[in-house]
Amino acid sequence: MSGGTTQLPIAVFLSGGGRTLENLLRHRDEHELPIDVRLVISSRAGVRGIEIAQNDGIETLVVRKRDHDDASYSDAMFEPVRRCGAKYVVMAGFLKHVLIPDDFENRVINIHPSLLPAFGGQGMYGHNVHAAAIERGVTISGCTVHFVDNQYDHGPIILQRACEVRAEDTPDSLAARVFEQECEALPAALRTLL
């Protein structure tokens, strides 16, 4: 890390393979992204995202939504974040809906695989987003980094990156192109928060 750079303490919420976490750690190590990942919370046990965190020496927790009602789920997710001193939470492929406490307003960041407000809302994640974009006939898609509020894919936008939708695209080929944009957009958004 270059001298005098302040590191942004973050926690990461994930549900699966950890590709977004892996990308953030790569940007930290190879491109001097000034982040300090203090905690990773997964909604499921035994996922690759936990393994990536543990291999990097990051504290991990598994908090399953089915073990909680809405209020206690929010507490179970955010109390460990408060304890570890993270300033922001990054949702990195986190597929559960969690209520955002007042003290985390504009402190929870998500990346969505479309140019919001297009192709957002309940049920719009992963493959569904790209299939909907192709079906609608859009010629540009991309990703949106935004603050999370208590509505799906709704909070204030931090930044967006676009890519073309090609005539021959399938949901998978479009997803790959959008993910390339996500890999640049999220680190860029975190730099703006410093």
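Counting restarts for each chain: residues are numbered from 1 in the order of the written sequence. The predicted nature of this model means local features are confined to residues of pLDDT at least 70 and side-chain atom pairs, given and counted, to a pLDDT of 80 or more, with totals for whole chains, interfaces and linings taken over all residues. Derived side-chain values reflect all non-hydrogen atoms in the structure, with water molecules and hydrogen atoms excluded from consideration.

Chemist: What should I look at first to understand empty space enclosed by the protein in this one?
Modeler: The definitions used throughout rest on a 1 Å grid laid over the protein atoms alone, on which a cavity is an enclosed set of points accommodating a 1.4 Å probe that cannot get out and a pocket is an open set flanked by protein within 12 Å on both sides along at least five of seven lines; lining residues are those having an atom within 4 Å of a point. Grid points are joined across faces, edges and corners, and a volume is the space filled by probe spheres set on the points. With the rule as written, the count across this model stands at one cavity of 30 Å³ or more. Lining the largest cavity, in full, are T20, N23, I111, F179, E182, C183 and L186. Looking at the lining of the largest cavity, the elements with two or more residues in it are α1 (19-31) and α5 (171-193). Starting at the N terminus, helices and strands are each numbered in turn, a helix being any DSSP run of H or I of at least four residues and a strand any DSSP run of E of at least two. Top element by residues in the lining of the largest cavity is α5. It accounts for four residues. By the convention adopted, Pro, Cys, Tyr, Trp, Phe, Met, Ile, Leu, Val and Ala count as nonpolar, Lys, Arg, Asp and Glu as charged, and the other residues, Gly among them, as polar. Its residues assigned to classes, the lining of the largest cavity comprises four nonpolar, two polar and one charged.

Chemist: What exactly am I supposed to notice about the side chain of R28 here?
Modeler: Along the chain, the position of R28 falls in helix α1. What makes R28 buried here is its relative accessible area of 17%. Polar side-chain contacts of R28 include one of 2.7 Å to the side chain of D29. Relative accessibility under 20% of the residue-type maximum defines a buried residue, over 50% an exposed one, and the middle range a partly exposed one, all with a 1.4 Å probe and only protein chains included. Definition of a polar contact: a pair of N or O atoms within 3.5 Å, with one able to donate and the other able to accept a hydrogen when the atoms are protein atoms, and with sequence-neighbouring residues admitted only if both atoms are side-chain atoms.

Chemist: Looking at this model, I keep getting lost on the nonpolar core. Mind explaining?
Modeler: The tendency in soluble globular proteins is for nonpolar side chains to be buried side by side. The biggest cluster of nonpolar side chains holds 38 residues, and the ones touching the most others in it are I10, V12, L21, V37 and L190. Considering every element that reaches this core, the biggest residue donor is α5, with seven residues. Throughout, nonpolar core names a set of buried Ala, Val, Leu, Ile, Met, Phe, Trp, Tyr and Cys residues whose side chains join them through atoms within 4.5 Å. I41, M77, M91 and V98 belong to the second largest nonpolar core, which has 20 residues in total.

Chemist: I keep staring at the packing of aromatic side chains and nothing clicks. Help me out?
Modeler: Remark: the centre distance and the inter-plane angle together describe each pair of aromatic rings, the angle taken between the planes. Two aromatic rings, drawn from Phe, Tyr or Trp (for Trp, its six-membered ring), form a pair once their centres lie within 6.5 Å of each other, and the interplanar angle then sorts them: stacked below 30 degrees, edge-to-face above 60, tilted otherwise. The full count for this structure, using the stated rule, is three aromatic pairs. An angle of 45° between the planes, with centres 4.9 Å apart, marks the rings of F78 and F104 as tilted. Linking F78 in helix α3 (residues 70-84) with F104 in the loop between β4 (88-91) and β5 (108-112), this pair joins segments that are 26 residues apart in sequence. Under the relative-accessibility criterion, F78 is labelled buried at 0%. Taken together, the ring pairs in this structure connect F13, F78, F94 and F104 into an aromatic cluster. Throughout this description, the term charge over a ring refers to an Arg CZ or Lys NZ atom that lies within 6 Å of the ring centre and within 35 degrees of the ring normal. When the ring centre of F104 is taken as origin, the NZ or CZ atom of R107, which lies over that ring, is 4.0 Å away.

Chemist: Please explain the pattern of salt bridges as it appears in this structure.
Modeler: A pair can form between side chains of opposite charge whenever their charged atoms are brought close. Salt bridges, as used here, are contacts in which a Lys or Arg side-chain nitrogen is within 4 Å of a carboxyl oxygen on Asp or Glu. In total, this model carries ten salt bridges according to the counting rule given. The residue E79 makes a salt bridge to R82 at a minimum N-O spacing of 3.0 Å. One end of the pair is E79 and the other is R82, both in helix α3 and three residues apart, which spans about a single turn. On the basis of relative accessibility, which here comes to 34%, the residue E79 falls in the partly exposed class.

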